[in-house]
Amino acid sequence: SFKKMEISGYFLPRCKVHTFPQIPEVASTFLHPGEIQILEDLIRIANQYKELKKFVQHYGTQSAGLIKPKQQKPSEEPLPQGLYLQALADGLDLAVKPYRDLIVQLEANYLKRPNLSLIFIYHQVSQYQSLFGFLLRLVSGVVTQRIHGCALLQYLQQHCLHGDERNYQAVKLIQNSVYAIFIKQLFGWLLHGKFVDQFGEFFIQHVDNTRSSPSAAGTPSVSVNSFSDNASINTELWRYEIRREILPYYFPASWAEKVLFIGQTVLMLNCDPRDSAEKRMIGGGERKVACEKRFATVKESLWGEQEYEFFKKFHQLQMDENLNIAKFEHIVDEIKVRVTEQMSEIAIKEADLVKQLKLIKDYYLL
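Conventions and cut-offs
Residues numbered from 1 in each chain as written. Predicted model: local features only at pLDDT ≥ 70, side-chain atom pairs only at ≥ 80, totals over all residues. Heavy atoms only, no water. Helix = DSSP H or I, 4+ residues; strand = E, 2+ residues; numbered from the N terminus. Buried < 20%, exposed > 50% of the residue type's maximum accessible area, 1.4 Å probe, protein only. Contact = heavy atoms within 4.5 Å. Areas by Shrake-Rupley, 256 points an atom, 1.4 Å probe, with all protein chains shown as cover. Phe/Tyr/Trp six-rings, centres within 6.5 Å; stacked < 30°, edge-to-face > 60°. pLDDT = per-residue confidence, 0-100. Axes fitted to C-alpha atoms, helices over the stretch in contact; angles between N-to-C directions. Parallel < 35°, antiparallel > 145°, perpendicular 65-115°, else oblique. Left-handed = near helix turned anticlockwise from the far one by under 90°. Nonpolar A, V, L, I, M, F, W, Y, C, P; charged D, E, K, R; others polar. Patch = residues over 30% accessible without salt bridge, like charges linked within 9 Å, V, L, I, M, F, W, Y side chains within 5 Å. Salt bridge = Lys/Arg side-chain N within 4 Å of Asp/Glu carboxyl O. Core = buried A, V, L, I, M, F, W, Y, C linked by side-chain atoms within 4.5 Å.

### Here we look at the overall build of the protein
Across its full length, the protein holds 17 helices and four strands. Buried positions account for 40% of the 366 residues belonging to the protein. For the protein, contacts bridging at least 24 residues in sequence account for 70% of all contacts bridging at least 6. Surface summary for the protein: the accessible area is close to 21300 Å², and the carbon and sulfur share equals 57%.

### With respect to the side chain of Q185
For Q185, the position within the fold is in helix α8 (residues 165-192). Residues contacting Q185, with those up to four places away along its chain left out, are Y84, F195, V196, D197 and F202.

### Here's the deal with the packing of aromatic side chains
Two aromatic rings are characterised by how far apart their centres lie and by the angle between their planes. Scanning the entire structure with this criterion turns up 25 aromatic pairs. Taking the centre distance of 4.9 Å and the plane angle of 75° together, the rings of Y99 and F132 count as edge-to-face. With Y99 in helix α4 (residues 97-112) and F132 in helix α6 (residues 129-145), this pair connects stretches of sequence that are 33 residues apart. Considered together, Y99 and F132 belong to a single accessibility category, that of buried residues. Centroid distance W189 to Y240: 5.0 Å. Interplanar angle 50°. Geometry classified as tilted. Highlighted residues: W189 in helix α8 and Y240 in strand β4 (residues 240-242), separated in sequence by 51 residues. For W189, a relative accessible area of 0% translates into the label buried. Of the aromatic side chains, those joined through ring pairs into one cluster are Y179, F182, W189, F195, F202, F203, Y240, Y249, Y250, F251, W255 and F328.

### Some thoughts on the confidence of the model for the protein
When pLDDT is averaged along the protein, the result is 78, and 72% of the positions lie at 70 or above. For the protein, per-element mean pLDDT is lowest for strand β2 (residues 10-14), which scores 34, and highest for helix α3 (residues 83-95), which scores 95. Scored below 50 in pLDDT, residues 1-20 makes 32 contacts in the model with residues more than four places away or belonging to other chains. Under a pLDDT of 50 for its full length, residues 209-222 has, in the predicted model, 20 contacts with residues more than four places off or in other chains.

### Quick word on the packing of α8 against helix α16 (residues 325-350)
Close contact between α8 and α16 brings their axes to 11 Å; oriented N to C, the two are set at 20°. Classed by the angle they form, the pair α8 and α16 counts as roughly parallel. The crossing of α8 and α16 is right-handed. Contact residues: F182, L186, L190 and L191 in α8; F328, V332 and I335 in α16. Split into classes, the residues belonging to the contact of α8 with α16 amount to seven nonpolar, no polar and no charged.

### Describing a nonpolar patch on the surface
A cluster of nonpolar residues, I348, L353, L357, I360, Y363, Y364 and L365, forms a patch on the protein surface that exposes about 810 Å² of accessible area. The element contributing the most residues to the nonpolar patch is helix α17 (residues 353-364), with five residues. Mapping L365 onto the fold places it in the segment after α17.

### Some words on unusual backbone geometry
Backbone geometry places R146, a non-glycine residue, at a positive phi of 50°. Of note, R146 is situated in the loop between α6 and α7 (151-160).

### Observations concerning the environment of V139
Structurally, V139 is set in helix α6. V139 sits 87 residues away from L52 along the chain, and the two C-alpha atoms are 8.1 Å apart. With sequence-adjacent residues up to four places away left out, V139 is seen in contact with L52, F55 and L92.

### Quick notes on the nonpolar core
Judged by nonpolar contacts, the single largest core of 86 residues is most densely connected at L135, F182 and F203. Ranked by residue count, the leading element in this core is α8, at 14 residues. The residues contacting L135, other than those within four sequence positions of it, are L52, L92, A95, V96, A170 and I174.

### Considerations on the packing of helix α2 (residues 33-59) against α3
In the contact formed by α2 and α3, the axes pass within 9 Å of each other and the chain directions differ by 140°. Between α2 and α3, the angle falls in the class oblique. In the packing of α2 onto α3, the handedness of the crossing is left-handed. Between α2, through L52, K53, F55, V56 and Y59, and α3, the contact on the second element is made entirely by L85, Q86, L88, A89, L92 and D93. Of the residues in the contact of α2 with α3, the class split is eight nonpolar, one polar and two charged.

### Re the environment of L237
By the secondary structure assignment, L237 is in helix α11 (residues 230-237). Separated by 27 residues in the primary sequence, L237 and Q264 have C-alpha atoms spaced 6.1 Å apart. With residues near it in sequence (within four places) discarded, L237 still touches Q264, L267 and M268.

In C-alpha cells form, the structure reads like this:
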C-alpha cells in the first residue's frame with residue numbers, strides 16, 4: 001500500500017492521508033524541516049477538502065437514495081432533509097470543482113515529469129487553503145444552527161459580503177443553486193396558486209403544516225390544493241400564512257403580504273364555484289372533461305401570453321449575478337396588477353356588480 005515518491009533526490013514511502021494524518025517521525029531522517037512543513041500543509045488542505053466532500057456526499061442531490069457516509073459523532077443528528085439543503089450541497093460541490101480539476105492536472109504533470117518539487121505542488125494547491133477554511137466555517141454554521149429552508153438564503157447573503165474575491169465567487173455559486181429552488185416555488189405560487197414543498201421550506205405554508213413543524217419532526221409534507229365544494233374553498237383559502245422566522249430579512253414584510261395575497265387570489269380564481277353546479281348536472285367522464293376545460297379556460301383568461309413573459313422574467317432573476325430586491329418587487333407588482341384586473345372583470349362583467357348594488361339599494365330603500 002506504499003508508493004515511492006522522489007523528493008529532492010530521496011525516495012520516501014508515501015502514506016495514505018487517513019492512515020497518517022501527521023508526517024511520520026522517520027521522515028525527519030530523509031526530509032528537510034521545511035519540506036516536512038510543506039507536506040503537513042498539503043495534508044491539511046487535503047483533509048479540509050475531505051470534510052467538505054463528506055458534507056456534499058451526505059446531503060447532495062447526486063447521492064440521494066445512495067448509502068450515506070457514517071456520522072463522525074454518533075450523538076450528532078443529521079440535518080432535516082430539504083431541497084434547499086441539497087441545492088446548497090450541490091453548489092458547494094461546484095465551488096470546490098476547480099480544486100479537483102487542479103489535482104487531476106497535477107497528477108498528469110507528475111506522471112510526465114516525476115521530478116516535480118514539493119514547493120511546485122504546494123504553490124498550486126495553497127491558493128485553496130483559505131477558501132476551504134471559509135467554506136468549512138460556512139458549513140459548520142449551517143450544521144450547528146440547523147438552518148432550514150428559506151433561512152439559508154439569509155445566511156448565505158450574510159456570508160456573501162466578503163472582501164476576498166475567491167470566497168465571494170464561491171458563495172455566489174452556492175447562492176445561485178439555492179435561489180433556483182426559491183424562484184421555482186415563488187413562480188408556482190404566484191402564477192398557479194400552488195407549490196411543491198415536501199419539507200416545509202417555503203416562507204408561505206399551510207397553517208396545519210406550520211403548526212406541526214414538519215421540518216423539526218423530520219416528516220415531509222406536501223402542499224396540495226384540492227377542493228370538493230365551495231365550503232372547502234372558503235376554508236382552505238385562508239389557511240396559508242407567512243412564516244416570518246424563515247423569511248429573509250431583505251424581503252420586506254409588505255412584499256411577503258403581496259405574495260400571499262396574489263397566491264390566494266389565483267387559487268380562488270382557479271377554483272371556480274360554477275364547477276360545483278356542473279358536477280351535480282353531469283357525471284363520470286363528462287364531469288372530468290368539463291372541469292379540465294373550465295380550468296384551461298380560467299388559466300388562459302388569467303394569464304394568456306403573459307405567462308411566458310413572466311416565466312422569462314423569473315428565469316432572468318435566476319440568472320442574475322447579484323441579488324436585486326427591486327426586481328422581485330417589480331415582478332410581484334406586475335402580477336398583482338394583472339390579478340386585480342382579472343378580479344375586477346369578474347366582479348363587474350360576469351357577476352354584474354352594478355346590478356347587484358342596485359338590488360341592495362332597492363332593498364334597503366323600499
